[in-house]
Structures are given as structure tokens and as C-alpha cells.
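Coordinates in review
Take a look at the letters that make up each chain.
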Amino acid sequence: MKIAVTYENGSVFQHFGHTAQFKIYDIEDNKIISEQIVDTMGSGHGALAGFLSSNNVNVLICGGIGEGAKNALKDAAIQVFGGVSGSADVAVQDYLAGNLLFNPFIKCNHHGHGHEHTCGEHGCGKH
């Protein structure tokens with residue numbers, strides 16, 4: 001199994017569609033056997049589901065995420081855990097232990113409006 005986390009400076013990045021990196025963890029027997037940080041190479045909202053699918057990701061842990069991205073990930077058979085904040089490594093360990101705190105109703109619905117909004121559990125301003 002592979003788990004991807006939206007990633008920035010060790011933490012879960014709070015806006016799926018703007019993430020510049022994912023940290024991808026290879027899991028066997030419910031343990032991390034390897035991890036790597038991969039650049040999204042400027043892929044945006046629509047391309048990120050394909051990017052994760054091409055990297056054989058099964059689970060995504062992220063902060064804020066829009067409905068369109070959730071649907072694309074669902075179509076790619078990637079399970080999404082949104083509304084997560086804090087350390088990426090701790091989030092994966094919590095997921096593996098069955099203790100991940102997430103919000104299945106988290107969403108970003110601001111696309112194209114150029115206004116202040118809330119992503120995840122914090123207000124991150126304009127993108």
C-alpha cells in the first residue's frame with residue numbers, strides 16, 4: 001500500500017490543489033518501509049489525481065480539498081482523509097494505528113473567486 005500526504009516543511013499542506021510536494025510512504029504489514037518526497041511539477045487540481053494514481057497511491061491524507069478533487073480521487077480508487085493538520089509523519093503513524101483525526105466534510109469551495117477562505121483548520125488567506 002502507498003499513502004501520500006500533501007507536504008510542506010514536514011507538515012500536512014493545507015490546500016490539496018496547490019501542493020508543490022507529496023510525501024509518499026510505502027507500507028507493508030502496517031509499517032512504513034520507505035518514504036520519499038516527490039514534486040508535483042506544477043500539476044494543478046485536475047492533474048493531481050492522475051499524478052497520485054500513476055504513483056500507485058491508495059490513500060491520501062491532506063488538509064483542505066474541493067469536491068471536484070475528491071470526486072477525481074474517488075474515481076481513481078484513492079481513499080481521501082481531509083481536514084488533517086500537523087506533522088505528516090505523525091498523521092501516517094496515526095492512520096496506521098487507526099487513530100487519525102480527520103474531517104470527512106472538509107472542503108475548499110473558493111476556486112476562482114480571489115477572496116479570503118479557510119483551508120483545513122486554519123485561514124490561510126489568498127492563494
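Residues numbered from 1 in each chain as written. Predicted model: local features only at pLDDT ≥ 70, side-chain atom pairs only at ≥ 80, totals over all residues. Heavy atoms only, no water.

Next up on the list: the pairing of strand β4 (residues 31-39). Across 8 bridges, strand β3 (residues 21-28) lies against β4 in antiparallel orientation. For isoleucine 24, the partnering residue across the bridge sits in β4 and is glutamine 36. (Pairing = 2+ DSSP bridges. Helix = DSSP H or I, 4+ residues; strand = E, 2+ residues; numbered from the N terminus.)

In the predicted model, the protein chain carries a mean pLDDT of 85, and the fraction of residues at 70 or more is 80%. Scored below 50 in pLDDT, residues 110-127 makes 36 contacts in the model with residues more than four places away or belonging to other chains. (pLDDT = per-residue confidence, 0-100. Contact = heavy atoms within 4.5 Å.)

This paragraph deals with the environment of threonine 40. Note on placement: threonine 40 falls in the loop between β4 and α1 (45-54). Look at threonine 40 and you get buried, because its relative accessible area is 2%. Linking threonine 40 and leucine 52, residues 12 residues apart in sequence, is a C-alpha distance of 9.3 Å. Excluding anything up to four places from it in sequence, threonine 40 contacts Thr19, Ala20, Gln21, Phe22, Leu48 and Phe51. Engagement of the side chain of threonine 40 in a polar contact is seen with the backbone oxygen of threonine 19, the distance being 3.1 Å. (Buried < 20%, exposed > 50% of the residue type's maximum accessible area, 1.4 Å probe, protein only. Polar contact = N/O pair within 3.5 Å; in protein donor to acceptor, adjacent residues only side chain to side chain.)

Before going further, it helps to spend a moment on the packing of aromatic side chains. Throughout the structure, instances matching the rule amount to 4 aromatic pairs. Between phenylalanine 22 and phenylalanine 51 the ring centres are 5.9 Å apart and the planes differ by 25°, which places this aromatic pair in the stacked class. Highlighted residues: phenylalanine 22 in strand β3 and phenylalanine 51 in helix α1, separated in sequence by 29 residues. Seen from their ring centres, phenylalanine 81 and tyrosine 95 are 5.3 Å apart, and the 65° between their planes marks the pair as edge-to-face. A residue pair is termed long-range when its members are at least 10 positions apart, and phenylalanine 81 in strand β6 (residues 79-81) and tyrosine 95 in helix α3 (residues 88-97) qualify at 14 residues. Note on phenylalanine 81: relative accessible area 9%, which makes it buried. Ring pairs connect the aromatic residues Phe16, Phe22 and Phe51, which therefore count as one cluster. (Phe/Tyr/Trp six-rings, centres within 6.5 Å; stacked < 30°, edge-to-face > 60°.)

The subject of this paragraph is the pattern of salt bridges. One pass over the structure, following the stated rule, counts 4 salt bridges. Here lysine 2 ties to aspartate 26 by a salt bridge, and the two come within 3.8 Å at their closest N and O atoms. With a gap of 24 residues between them, lysine 2 in strand β1 (residues 2-8) and aspartate 26 in strand β3 connect regions that are remote in the sequence. For aspartate 89, the salt bridge is made with lysine 23, and the minimal N-O distance between the two is 2.9 Å. Remark: lysine 23 occurs in strand β3 and aspartate 89 occurs in helix α3; sequence separation between them is 66 residues. (Salt bridge = Lys/Arg side-chain N within 4 Å of Asp/Glu carboxyl O.)

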